[in-house]
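Notes for the structure review
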Amino acid sequence: KDDLVELYGTSSDKITVLLSGVDSRFRRVTDAGIIGAVRNKYNLPRQPFIFSIGTVQPRKNYARLIAALAQLRRKGHDLALVIAGGKGWLDDEIYASLETHRVADSVRFIGYAADDDLPALYSAAHIVAMPSLYEGFGLPVLEGMACGTPVLTSNVSSLPEVAGSAAIMVDPYSTDAIAAGLEQLAEDQALRDQLIRLGAEHVRAFSWDAAAAKLRQIYASLA
């Protein structure tokens, strides 16, 4: 909404924001057999891993996320990074960062992940990270919360509104800030428990039924 007002000069009172919903299939997967099958299918690392999802492109900020992982590993944190998403564009810097920061063995690009596997991938992760530079919404933030995994995201664009107070928010342009936020989530079990609880409560406000009902109200008001 803010972008439409700023870039196109649209009157604010002509814009209604509809919040996206989270499908009910996104919930914590506790079945060890399902988790094990997904681990084998995508060759997931054995150690705790950070999970990020989205097309491999600069806007997703993967190069800084990889650099932040390298910082944590140098400090002794045995964490890996799993990135799900199809090949995008302008991605040379992202792949080059693996060698620059010497973390090629700790980062897995698993490509496109089947929709049915996503709840298990979110649930198997130690942290869900979405430090994007820009998002129109940011469904992975809510999907991670729905699956009971602590979330780190950016303090820019739509992401603070989506995350509310149920995630760690950081400056996505600062590798140090991303690393510090990830370290908090890796080390502080009380914080993890708090965010899991807050995330479960927060995600209830985002349903497709509610979005549809609001859209119907808008149509009715215009008819």
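Reference entry: report on the structure contained in this document. Keep in mind that this is a model prediction, so the values were computed, not measured. (Residues numbered from 1 in each chain as written. Predicted model: local features only at pLDDT ≥ 70, side-chain atom pairs only at ≥ 80, totals over all residues. Heavy atoms only, no water.)

**Some words on the packing of aromatic side chains**
To be explicit about the condition: Any two of the Phe, Tyr and Trp rings considered here, Trp counted by its six-membered ring, make a pair once their centres fall within 6.5 Å; the pair's planes then place it as stacked at under 30 degrees, edge-to-face at over 60, or tilted in between. For the purposes of this entry, the term helix denotes a DSSP run of H or I that reaches at least four residues, the term strand denotes a run of E that reaches at least two, and both are numbered from the N terminus. Residue exposure (1.4 Å probe, protein chains only): buried if accessible area is under 20% of the type maximum, exposed if over 50%, otherwise partly exposed.
Under the defined criterion, the tally for this structure stands at 4 aromatic pairs. A ring pair is formed by Phe26 and Tyr122, whose centres lie 6.0 Å apart and whose planes are at 70°; its orientation type is edge-to-face. With Phe26 in the loop between helix 1 (2–8) and helix 2 (32–41) and Tyr122 in helix 5 (residues 118–124), this residue pair connects regions lying 96 residues apart in the sequence. Assessed through its relative accessible area of 0%, Tyr122 is described here as buried. Pairing Tyr95 with Phe109 gives two aromatic rings, centres 4.9 Å apart and planes at 55°, and the pair type is tilted.

**Side note on the pairing of strand 5 (residues 151–154)**
The two faces of a sheet get side chains in turn, since along a regular strand they alternate between them. Quick note on the threshold: Should DSSP find at least two bridges between two strands, the strands are taken to pair.
Bridging between strand 4 (residues 127–130) and strand 5 involves 3 bridges; their strand directions are parallel. In the strand pairing of strand 5, Met130 is matched with Thr153.

**Considering the nonpolar core**
Put simply, the rule reads: To qualify as a nonpolar core, a set must consist of buried Ala, Val, Leu, Ile, Met, Phe, Trp, Tyr and Cys residues joined through side-chain atoms within 4.5 Å. Should any heavy atoms of two residues lie within 4.5 Å, those residues are considered in contact.
If you look at the biggest cluster of nonpolar residues, it comprises 38 residues, and the most contacted ones within it are Phe49, Phe51, Leu121, Tyr122, Val141, Leu142 and Met145. Where this core is concerned, the elements lending two or more residues are helix 2, strand 1 (49–53), strand 2 (80–84), helix 5, strand 4, helix 6 (139–146) and helix 7 (159–163). Top contributing element to this core by residue count: helix 5, with 5 residues. Not counting chain neighbours up to four residues away, the residues in contact with Val141 comprise Met130, Val151, Thr153, Leu159, Val162 and Ala163. If you look at the next biggest cluster of nonpolar residues, it comprises 27 residues, including Leu65, Ile66, Ala70 and Ile83.

**Remarks on the environment of Ile127**
Turning to its location among the elements, Ile127 is positioned in strand 4. For Ile127 and Gly138, which are 11 residues apart along the polypeptide, the C-alpha to C-alpha distance reads 16 Å. Ignoring any residue separated from it by four or fewer positions in sequence, one finds Ile127 in contact with Phe49, Ile50, Phe51, Thr149, Pro150, Leu182, Leu185, Ala186 and Arg192.

**A word on the pattern of salt bridges**
Heads up, the rule is: Salt bridges, as used here, are contacts in which a Lys or Arg side-chain nitrogen is within 4 Å of a carboxyl oxygen on Asp or Glu.
Inspection of every chain in the model, using the stated rule, returns 8 salt bridges. Residue Glu135 pairs with Arg59 through a salt bridge whose shortest N-O separation is 3.3 Å. Highlighted residues: Glu135 in the loop between strand 4 and helix 6 and Arg59 in the loop between strand 1 and helix 3 (62–74), separated in sequence by 76 residues. Residue classification places Glu135 among the buried positions, given a relative accessible area of 8%. A residue is classified by how much of its surface remains accessible, and Arg59, at 30% relative accessible area, is partly exposed. The network of salt bridges with common partners includes Arg59, Lys60 and Glu135.

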